[in-house]
Amino acid sequence: MNLASAPSSPPASAGLVGACFSPDYPTARAKFLLAAARARARVDVFCNDTAPGPDGGMLTTDVAVLGPEDSGHALLVVSATHGPEGFVGSAAQIALLDALAAGAQTPAVRIVLVHAINPWGFAHISRTTENNVDLNRNFIDWSAGPPSNPPYAELHPMLCPPQWTPQALASANASREAWLERNGHGAYVDVTSRGQYTHPDGMNYGGVGREWSNLTLEKIVARHLAGVKKIALIDWHTGLGERGEPFFLCFNERGGPGWQRACDWWGRANVESSGGFGGAQRPNYTGLLFHGVQRFAGQAAVTGAVIEFGTLPMDEMRMALQADRYLKFGGELPAAQRAAMKEQLLDAFAPFSPDWQRSALGHAIRIQQRAIDGLGAW
Ligand SMILES: [Zn+2]
């Protein structure tokens, strides 16, 4: 049976949502470490020595490892690749730890939970890292140099208005809509999403080299996935797809064995759905975390996906991303306006609606379990 033929995942209970979701990064971290202790996980802590938290404190990526150390199969679950998208990923990881703590048997495969791979973005409520880098565009092969995305330069000023006033936003948006009219929705989605490496203050910026989070993930793979031959990867995200529902972006070769395996685990209709881009094709993403894991894990086979939970319509997501960027590079704003823009970001990436959280967590628990079951049979 796969998810396509199964009844839809039941929503998580309000109690489970309360136990697993957190209102901020420090609470999420504390809950994760407590849950890891209850599950008797081995814990590894990586301190980000390049950028502090909002209160000046240390930021960390925390790793919980369970299951047999000699297992050749491992589930790798990553949260907060895109900062505030980590609220749901953290909740999913905590739910798995709590289920393992409550169960009598230890898992048959190794389980590696990476909490807050981009802790700066999680703590500061920003999709990017401390350097305005979209971490999920940073895992290119830097020795080959960054890929080009020439049309982005034209769109940059239309996406990054110089002021945050109704007039400036309307003017930038009119230019953007004229670009869309000339070039089409498909080109727009690709150019604005695939990653760009030329505008450090722009959107979907891939950086100039490997970010702290990128280097840290390599250390995590080396320490905790050594000897593993088969890896199931789940990278939790939000912002694409129908509200509260999962949307799968499998990055195995389409039609190849990894792709088929993902279809077996999570349902072909789910894995092959293309509904998340408003009718456009999937962008030609570069520098994905998935590619990083493939490279770091050497000979191991990786089957996996970015799994999103839908939140708001695409236009509102774009406005949230513009707000995220303006808060870093724009002019002075009154404190109340900055706070309202942070709320806009949370609505877009981590809705605190109980219905959304119950739906997303219910799906996430089932998706993680399907990956563990699938690994056992791989
Ligand atoms: Zn994301």
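Figured I'd write up the structure that's included with this text. Being a predicted model, the structure only gives us computed values, none of them experimental. (Residues numbered from 1 in each chain as written. Predicted model: local features only at pLDDT ≥ 70, side-chain atom pairs only at ≥ 80, totals over all residues. Heavy atoms only, no water.)

## A look at the coordination of the zinc ion
Reasoning step 1: Here the zinc ion is held by the protein donor atoms His82 (ND1), Glu85 (OE) and His237 (ND1), which lie 2.0 to 2.1 Å from it.
Reasoning step 2: Spacing between the donor residues of the zinc ion along the chain follows H-x2-E-x151-H. Highlighted residues: Glu85 in the loop between β3 (73-78) and α3 (86-102) and His237 in strand β5 (residues 230-243), separated in sequence by 152 residues. (Donors = N, O, S within 2.8 Å, 3.2 Å for Na, K, Ca; no water. Helix = DSSP H or I, 4+ residues; strand = E, 2+ residues; numbered from the N terminus.)

## Some details on helix α7 (residues 185-193)
Reasoning step 1: For α7, every residue scored as buried is listed here: Tyr188, Val189, Asp190, Val191, Thr192 and Ser193.
Reasoning step 2: For α7, the secondary structure elements touched by its buried residues are α5 (152-159), α6 (166-183) and α12 (314-329).
Reasoning step 3: Gly195 sits one or two positions beyond α7 and adopts a positive phi of about 120 degrees. (Buried < 20%, exposed > 50% of the residue type's maximum accessible area, 1.4 Å probe, protein only. Contact = heavy atoms within 4.5 Å.)

## Quick notes on the packing of aromatic side chains
Reasoning step 1: Counted according to the given criterion, the structure contains 15 aromatic pairs.
Reasoning step 2: Ring centres of Phe251 and Tyr285 lie 5.9 Å apart, and the angle between their planes is 80 degrees; on these two criteria the pair is classed as edge-to-face. Of the two residues, Phe251 sits in the loop between β6 (246-250) and α9 (257-266) while Tyr285 sits in the loop between α10 (268-271) and α11 (289-296), which places them 34 residues apart along the sequence.
Reasoning step 3: With relative accessibility at 15%, the residue Phe251 sits in the buried group.
Reasoning step 4: Overall, the relative accessible area of 15% leaves Tyr285 in the buried class.
Reasoning step 5: Judged by centre distance (6.5 Å) and plane angle (85 degrees), the ring pair of Phe309 and Trp356 falls under edge-to-face. With Phe309 in strand β7 (residues 301-310) and Trp356 in helix α14 (residues 354-377), this pair connects stretches of sequence that are 47 residues apart.
Reasoning step 6: In this structure an aromatic cluster arises from ring pairing among Tyr25, Phe87, Phe122 and Phe352. (Phe/Tyr/Trp six-rings, centres within 6.5 Å; stacked < 30°, edge-to-face > 60°.)

## With respect to the sheet that holds β3
Reasoning step 1: As summarised here, the arrangement of the seven strands in space is β1-β2-β4-β3-β5-β7-β6, forming an open sheet in which the pairing is mixed. Strands at the two margins of the open sheet, each flanked by one partner only, are β1 (42-48) and β6. Direction aside, neighbouring strands of the sheet carry axes that sit 20 degrees apart on average.
Reasoning step 2: Here five bridges tie β6 to β7, and the two strands are oriented antiparallel to one another. In the strand pairing of β7, Cys250 is matched with Ala305.
Reasoning step 3: In the packing of helix α2 (residues 25-38) onto the sheet, contacts are made with β1, β2 (59-66) and β4 (110-115), and the angle to β2 comes to roughly 25 degrees. (Pairing = 2+ DSSP bridges. Axes fitted to C-alpha atoms, helices over the stretch in contact; angles between N-to-C directions.)

## With respect to helix α8 (residues 212-224)
Reasoning step 1: Its 13 residues give α8 an end-to-end C-alpha distance of 18 Å, which sits within 8% of 18 Å, the value for a rise of 1.5 Å per residue.
Reasoning step 2: Those residues of α8 lying buried are Trp212, Ser213, Asn214, Thr216, Leu217, Ile220, Val221 and His224.
Reasoning step 3: On its buried face, α8 sits against β1, β2, β4, α4 (119-124) and α11. (Expected span 1.5 Å × (residues − 1).)

## Describing the environment of Pro283
Reasoning step 1: For Pro283, the position within the fold is in the loop between α10 and α11.
Reasoning step 2: Under the relative-accessibility criterion, Pro283 is labelled buried at 3%.
Reasoning step 3: Between the alpha carbons of Pro283 and Gln167 there is a distance of 30 Å; along the sequence they are 116 residues apart.
Reasoning step 4: If sequence neighbours within four positions are ignored, Pro283 has contacts with Val189, Asp190, Ser193, Arg194 and Phe277.

## What to know about the pattern of salt bridges
Reasoning step 1: Under the counting rule described, the total for this entry stands at 16 salt bridges.
Reasoning step 2: The closest approach of N and O atoms between Asp315 and Arg176, which form a salt bridge, is 3.8 Å. Placement of Asp315 in helix α12 and of Arg176 in helix α6 is noted, with a sequence separation of 139 residues between them.
Reasoning step 3: Take Asp315: its relative accessible area is 43%, and that puts it in the partly exposed class.
Reasoning step 4: For Arg176, a relative accessible area of 2% puts it in the buried group. (Salt bridge = Lys/Arg side-chain N within 4 Å of Asp/Glu carboxyl O.)

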